[in-house]
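Listed below, chain by chain, are the residues.
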2 protein chains.
Amino acid sequence: MARAALSADVVVDLALQVVDELGPAALTLSAVADRAGVAAPSLYKHVRNLAELRGLVSTRITDEIADRVGEAVLGRSADDAVRALMTAWRRYAQRHPHRYSALVQTSGPRTSEAGARLLGILSATLRAYGMDDSAVVHAARCLRAAVHGFAVLEAENAFGLPEQPDESYDLLIRMMAAGLSALRPGPPPATGGGDG
Amino acid sequence: MARAALSADVVVDLALQVVDELGPAALTLSAVADRAGVAAPSLYKHVRNLAELRGLVSTRITDEIADRVGEAVLGRSADDAVRALMTAWRRYAQRHPHRYSALVQTSGPRTSEAGARLLGILSATLRAYGMDDSAVVHAARCLRAAVHGFAVLEAENAFGLPEQPDESYDLLIRMMAAGLSALRPGPPPATGGGDG
DNA sequence: CCAAAAAGCTAAAGGCATTAGCCGAAGGTG
DNA sequence: CACCTTCGGCTAATGCCTTTAGCTTTTTGG
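Residues numbered from 1 in each chain as written. Chains lettered and ligands numbered in written order. Predicted model: local features only at pLDDT ≥ 70, side-chain atom pairs only at ≥ 80, totals over all residues. Heavy atoms only, no water.

Undergrad: Would you mind going over the domain arrangement of chain A with me for this structure?
TA: All names here are of chain A. Split into domains, chain A comes out as domain 1 (1-47) and domain 2 (57-183). Distance from the C-alpha centre of domain 1 to the C-alpha centre of domain 2: 29 Å. Contact with domain 1, which involves ten residues of that partner, is made by nine residues of domain 2. Both sides of the domain 1 and domain 2 interface together cover about 790 Å² of buried area, and 64% of this is carbon and sulfur. If you sort the residues of domain 1 by the area they bury against domain 2, L16, D20 and P24 come out on top, with a joint share of 56%. Seen at the junction of domain 1 and domain 2, the total is three salt bridges. Between D13 and R60 there is a salt bridge, with the nearest N and O atoms lying 2.7 Å from each other. The tally of links between domain 1 and domain 2 comes to three residue pairs in polar contact (both at pLDDT 80 or more). In terms of residue class, the side of domain 1 that touches domain 2 is made up of six nonpolar, one polar and three charged. (Domains from an automatic or database assignment. Contact = heavy atoms within 4.5 Å. Buried area = accessible area lost by both parts, 1.4 Å probe. Salt bridge = Lys/Arg side-chain N within 4 Å of Asp/Glu carboxyl O. Polar contact = N/O pair within 3.5 Å; in protein donor to acceptor, adjacent residues only side chain to side chain. Nonpolar A, V, L, I, M, F, W, Y, C, P; charged D, E, K, R; others polar.)

Structure below.
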């Protein structure tokens, strides 16, 4: 091996720094090369091109989210787990808004691997509601859509009004938890109230 | 006035063509200029720069969504209106996936005007549930997050599994409608699931 | 000590955004 | 009708970024 300064992983590390500090639009090979103390073309020894770097960044982010969310659900189940999951996911987006905006779903081969891990955590959490496999898929999509939508909007500063986003999110959590409970096979609640 | 060939509106029209056909990443002043049959620098007579063009495109898209959603809600109320609203919103994203991906929330002055119109429709729809103003804001955020999240994911082809997205979305609609009904002032549920 | 591979460098091409300054056409005015 | 102002287009030029090609240096394993 030659000078062990850089590696694909380190390049992704630096790319994340750039994203965090300057936003996804500033993620450029030049910017990363500067931080690496290296000329831009040298990066091609570690990464195929900018598109691939973006993909690696997305994969890394997805992995990080899966880590946090997976940890959050440990030892919890049903509504409790859903609340923990949603809270952890949003917290990640809040702490790294640029990073979250850089997240792109366009599934490359490796990105979908990280995505599958995250999806697995979602599905495992939802199985506690006693759904069949197909219902789990649909419910997981809904949960993911709600969380992702909220996180994206918040990361993009789309909530202009003075109302606390925390309160809005708490409402979303309750809506999702209630909706999932309603899917549980068994006696449905009579009223349209809390658990309905 | 000189040759009335181009105008800011026409430039946005052409930009939308580019986005529809080639995706948001291909929205470039050169590409738009080509379609206009004009040299790239000429566009600066109609648009301040690429960033502004992107903003105008977003504004136009937001306006279109507000049109469709507003029309869909006409004469409906409560759950019925929510279903129509969510369906119309998603249909727009399905019919113009690239366009939807090009939508960016970063509120410029005019974009927020179109956004305010859309928000107004949402709020008016939710007021049928008898919420107070603050509750409407929180509920509107949740609804927006859920719809937007689903639409983004679907537009980015993030649903890989064979299960029908239509079914998933129907579930999301039911979850949101149920959740909103549960907010209606009235006899609170006995369990801790409700307002906790 | 030597050779091969890894990792860096410079040079160069090509695309795009943006600025500056020029020119011709349209329209109104006297 | 002649004029002149303004509008909208053009060319030239700059600078940034990606990407390819080919050279050089360093490291490492035998």
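Undergrad: So what exactly am I meant to see when it comes to the interface of chain A and chain B here?
TA: Much of the literature gives interface size as the accessible area that the parts lose upon coming together. In this complex, chain A contributes 41 residues to the contact, which on the side of chain B involves 42 residues. Of the roughly 3600 Å² buried between chain A and chain B, counting both surfaces, carbon and sulfur atoms make up 68%. In terms of surface lost to chain B, no three residues of chain A exceed H138(A), R141(A) and M175(A), which account for 19% of the buried area on that side. Scanning the region where chain A abuts chain B turns up zero salt bridges. Run the count over chain A and chain B and you get twelve residue pairs in polar contact (both at pLDDT 80 or more). Breaking the side of chain A that touches chain B down by element, the ones donating at least two residues are α7 (133-155) and α8 (165-183) of chain A. It is α7(A) that provides the largest number of residues to the side of chain A that touches chain B, a total of 14 residues. (Helix = DSSP H or I, 4+ residues; strand = E, 2+ residues; numbered from the N terminus.)

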